[in-house]
Amino acid sequence: MYTGLQHLHSGIAYLALLALILVIIYALIGSLSGRAFTEKDRKIAMIAFIFAHVQLLVGLILYFVSPLGFSLLTAGGAMSDSAARLTALEHPLINIIAIVVISIGYIRAKKLATSRSKFRSIYMMYAIGLVLILSRIPWAAWLY
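Residues numbered from 1 in each chain as written. Predicted model: local features only at pLDDT ≥ 70, side-chain atom pairs only at ≥ 80, totals over all residues. Heavy atoms only, no water.

Let's hear about the packing of helix H1 (residues 2-33) against helix H5 (residues 115-135): which residues, and what values?
Helix-helix packing is characterised by the crossing angle of the two axes and by the distance between the axes. Their axes nearest at 8 Å, the elements H1 and H5 cross at an angle of 150°. Taken as axis vectors, H1 and H5 run roughly antiparallel relative to one another. Crossing angle aside, the handedness with which H1 passes H5 is left-handed. Contacts between H1 and H5 involve Leu-17, Leu-20, Ile-21, Val-23, Ile-24, Ala-27, Leu-28, Gly-30 and Ser-31 on the former and, on the latter, Arg-116, Phe-119, Ile-122, Tyr-123, Tyr-126, Ala-127, Leu-130, Ile-133 and Leu-134. (Axes fitted to C-alpha atoms, helices over the stretch in contact; angles between N-to-C directions. Helix = DSSP H or I, 4+ residues; strand = E, 2+ residues; numbered from the N terminus. Parallel < 35°, antiparallel > 145°, perpendicular 65-115°, else oblique. Left-handed = near helix turned anticlockwise from the far one by under 90°. Contact = heavy atoms within 4.5 Å.)

Please give an account of helix H4 (residues 82-111) that cites residues and values.
Its 30 residues give H4 an end-to-end C-alpha distance of 41 Å, which sits within 8% of 44 Å, the value for a rise of 1.5 Å per residue. At Glu-90, H4 shows its maximal bend, which comes to roughly 40°, and the proline Pro-92 appears one to four places after that position. (Expected span 1.5 Å × (residues − 1). Bend = angle between axes of the 7 residues up to and from the residue.)

Before we move on, could you go through the pattern of salt bridges and cite the residues and values that matter?
Any two side chains of opposite charge can pair, given that their charged atoms come close. Taken as a whole and assessed by the stated rule, the structure comprises four salt bridges. In this structure, the salt-bridge partner of Asp-41 is Arg-35, at a minimum N-O distance of 3.0 Å. The exposure class assigned to Arg-35 is partly exposed, which follows from its relative accessible area of 30%. Between Arg-42 and Glu-39 there is a salt bridge whose closest N-O contact spans 2.4 Å. Placement of both Arg-42 and Glu-39 in helix H2 (residues 39-65) is noted, with a separation of three residues, approximately one turn of the helix. Within this structure, Arg-85, Glu-90 and Arg-136 form a network of salt bridges that share partners. (Salt bridge = Lys/Arg side-chain N within 4 Å of Asp/Glu carboxyl O. Buried < 20%, exposed > 50% of the residue type's maximum accessible area, 1.4 Å probe, protein only.)

An account of the nonpolar core is needed here, citing residue identities and associated values.
In summary, soluble globular proteins display a tendency toward joint burial of nonpolar side chains. Of all hydrophobic cores here, the largest spans 23 residues; its most connected members are Leu-20, Ile-102, Ile-122, Tyr-126 and Ile-133. Taken together, the elements giving at least two residues each to this core come down to H1, H2, H4 and H5. Look past the residues within four positions of Ile-133 in its chain and what remains in contact with it is Leu-17, Leu-20, Asn-95, Ala-98 and Ile-102. (Core = buried A, V, L, I, M, F, W, Y, C linked by side-chain atoms within 4.5 Å.)

Explain the packing of aromatic side chains to me, and be specific about the residues and the numbers.
Counted by the stated rule, this structure contains three aromatic pairs. The interplanar angle of 70° and the centroid separation of 5.0 Å between the aromatic rings of Phe-37 and Phe-119 together place this pair among those described as edge-to-face. On the criterion of sequence distance, the pair formed by Phe-37 in the loop between H1 and H2 and Phe-119 in helix H5 is long-range, its members being 82 residues apart. Of the two residues examined, Phe-37 and Phe-119, each falls in the buried class. An angle of 85° between the planes, with centres 5.1 Å apart, marks the rings of Tyr-63 and Phe-64 as edge-to-face. Residue classification places Tyr-63 among the buried residues on the basis of a relative accessible area of 12%. Residue classification places Phe-64 among the exposed residues on the basis of a relative accessible area of 56%. (Phe/Tyr/Trp six-rings, centres within 6.5 Å; stacked < 30°, edge-to-face > 60°.)

Describe the packing of H4 against H5, with residues and values.
Contact pair H4 / H5: the axes reach a minimum separation of 8 Å and the direction vectors enclose 175°. The angle between H4 and H5 falls in the class roughly antiparallel. Between H4 and H5, the contacting residues are Ile-94, Asn-95, Ile-97, Ala-98, Val-101, Ile-102, Ile-104, Gly-105, Tyr-106, Arg-108, Ala-109 and Lys-110 on the first element and Lys-118, Ser-121, Ile-122, Met-125, Tyr-126, Ile-128, Gly-129, Leu-132, Ile-133 and Ser-135 on the second. Its residues placed into classes, the contact of H4 with H5 shows 14 nonpolar, five polar and three charged. (Nonpolar A, V, L, I, M, F, W, Y, C, P; charged D, E, K, R; others polar.)

Go over the confidence of the model for the chain, please, and point to the residues and values.
Scored by pLDDT, the chain comes out at a mean of 91, with 96% of its residues at no less than 70. At the level of individual helices and strands, the chain shows its lowest average pLDDT in helix H3 (residues 70-75), which scores 71, and its highest in H5, which scores 97. (pLDDT = per-residue confidence, 0-100.)

Mind laying out a nonpolar patch on the surface, listing which residues take part and the relevant values?
Together, Leu-60, Phe-64, Phe-70, Leu-73, Met-79, Leu-89, Leu-93, Ile-96, Ile-97, Val-100 and Ile-104 make up a nonpolar patch on the protein surface, roughly 910 Å² of accessible area in all. By secondary structure assignment, the location of Leu-60 is in helix H2. (Patch = residues over 30% accessible without salt bridge, like charges linked within 9 Å, V, L, I, M, F, W, Y side chains within 5 Å. Areas by Shrake-Rupley, 256 points an atom, 1.4 Å probe, with all protein chains shown as cover.)

Here it is in structure tokens:
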């Protein structure tokens, strides 16, 4: 089960990152072109929103099932080892914050009045979330 969750978490990560990048570009173009924000635009933004949340859900399950997640914190010594600290604390915490930022951008866009501000909310908040996610990916372990 653990190996399957690891592969699922890695596979969804590719989809989530790709969706975030595409939605950021799409919203930036929408904002700069001055076109109207439509229901289609909201649904496109929702795709990255959903992928990010599914990734978070699988990651949280993996965190509590994995011998490298929560158990590293309870065993002690994780703070002195940078790789263990990344796995046990920084990666989950920063990614939860990133998903909150993405959620704020999506929810805020639904409430704003002008099309430009809706696009702007999406591309700015999604971009901040993407930068946070990219900053805490364990690149050495993920790219194998």
